Amino acid sequence: MNENQLSKRLERAGELVPFGSRLADIGSDHAYLPVALMLQGKIEFAVAGEVVQGPFQSAEKQVRKNGLSEKIIVRLADGLDAVLAEDHINAVSICGMGGTLIRDILEKGRVTGHLNGQEVLILQPNVGEQVLRQWLTAQGYTILAEDILEENQKIYEIICAEKKEAVANYSEEELMFGPLLLQKKGAVFIKKWQREINQRKNVVEQLKKSKVNQQEKIADLEKEIKAIEEVLKP
């Protein structure tokens, strides 16, 4: 992967970044996404945020190599602390982390004022999508787009959200499966949730063999399995 050949998941995330955006890419992974989008002429300005020195230096090198130091600023900072008011950021991308960590980064940014609520969010959690959707809903965001794709035998979800005047009200089922993914139920969606059923069934079998009473956990898992099976019905 490089700035000219993004991974499928980053390419799809990039497609969801609005044209002409001023982007903050948090946890920027060599700054591949902002560099690629700048080379495509899709964004006006970007901040690439890294919290670790090594990746920060790699991102700086990538930006310099492409002659984009005037348009992409690389900052060593924790999460959205990389964003300054004078950056006038209106889109935030956070890709390749767990949903809980992405939620924590967004929440800290909200509390500290580095996230003002006017930005379009493009989020690609590796796991924990439900936790992330719950936070988005609690903060008044509407999910504008969702995608699910498979790459290197791993399945990834991408969520694009923005605050709207009319507050979206999602059901527990929509928060678990994704309100827009639930409407499509494509092949990758079905594959993911069939895997989830099998994983839960394996855990149930292990819990049943345990000498400790695990009836409550077993009941919860069996309830989840039933809910998934209902969703996957043709």
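Here we summarise the structure given alongside this text. (Residues numbered from 1 in each chain as written. Predicted model: local features only at pLDDT ≥ 70, side-chain atom pairs only at ≥ 80, totals over all residues. Heavy atoms only, no water.)

1. Comments concerning the state of the cysteines
Following the criterion strictly, the structure yields zero disulfides and no others. The thiol sulfur of Cys-95 is not disulfide-bonded, and the nearest other cysteine sulfur, from Cys-160, lies at 11 Å. Classification of Cys-160 as buried rests on a relative accessible area of 4%. (Disulfide = S-S within 2.5 Å. Buried < 20%, exposed > 50% of the residue type's maximum accessible area, 1.4 Å probe, protein only.)

2. Section: the layout of surface pockets
Quantified by volume, the largest pocket comes out at close to 410 Å³. If you trace the largest pocket, you find 16 residues lining it, with Asn-126, Val-127, Glu-129, Lys-192 and Glu-196 closest to the centre. Every element with two or more residues in the lining of the largest pocket is listed here: helix 5 (129–138), strand 7 (154–163) and helix 8 (187–209). Counting residues per element, the lining of the largest pocket draws most heavily on helix 8, at six residues. Here the lining of the largest pocket is composed, by residue class, of six nonpolar, four polar and six charged. (1 Å grid on protein atoms, 1.4 Å probe; cavity = no way out; pocket = protein on both sides within 12 Å on 5 of 7 lines; lining within 4 Å. Points joined across faces, edges and corners; volume = space filled by probe spheres on them. Helix = DSSP H or I, 4+ residues; strand = E, 2+ residues; numbered from the N terminus. Nonpolar A, V, L, I, M, F, W, Y, C, P; charged D, E, K, R; others polar.)

3. Quick look at the pairing of strand 2 (residues 43–50)
Along strand 2, seven of the eight residues are buried, which leaves the element largely enclosed by surrounding structure. Alignment of strand 1 (residues 21–26) against strand 2, held across six bridges, turns out to be parallel. Bridge pairing in strand 2 links Ile-26 to Gly-49. A crossover connection joins strand 1 to the parallel strand 2 through helix 2 (residues 32–39); in handedness this β-α-β unit is right-handed. When strand 2 meets strand 3 (residues 72–76), the two strands line up parallel, connected through five bridges. Looking across to strand 3, one finds that Val-47 is bridged to Ile-73. Remark: the strand 2/helix 3 (residues 53–65)/strand 3 crossover connection has right-handed handedness. (Pairing = 2+ DSSP bridges. Right-handed = clockwise from strand over helix to strand, strands pointing away.)

4. Some details on the side chain of Lys-192
Tracing the chain through its elements places Lys-192 in helix 8. By relative accessible area, Lys-192 is classed as buried at 8%. Discounting residues that sit within four places of it in the chain, Lys-192 has contacts with Glu-129, Ile-148, Ile-155 and Glu-157. (Contact = heavy atoms within 4.5 Å.)

5. Notes on the sheet that holds strand 6 (residues 141–151)
Picture the strands of a sheet paired through backbone hydrogen bonds; they go either parallel or antiparallel. Pairing is mixed across the open sheet formed by seven strands, whose spatial order is 3-2-1-4-5-7-6. Edge positions in the open sheet fall to strand 3 and strand 6, since each of these has one partner strand only. Each strand of the sheet is rotated relative to its neighbour by a mean of 15 degrees, with strand direction disregarded. Where strand 6 meets strand 7, ten bridges bridge the pair, whose relative direction is antiparallel. Within strand 7, the residue paired with Glu-151 across the bridge is Lys-154. The strands touched by helix 8 are strand 6 and strand 7; relative to strand 6, the strand with the most contacts, the crossing angle is about 80 degrees. (Axes fitted to C-alpha atoms, helices over the stretch in contact; angles between N-to-C directions.)

6. Digging into unusual backbone geometry
In this model, His-88 sits at a positive phi of 50 degrees, which is unusual for a non-glycine residue. Looking at the element boundaries, His-88 is found in the loop between strand 3 and strand 4 (91–97). Relative accessible area serves as the criterion here: at 55%, His-88 is assigned to the exposed category. The backbone phi angle of Lys-185 is positive, close to 45 degrees, even though this residue is not glycine.

Any functional reading would require information beyond the geometric quantities listed.
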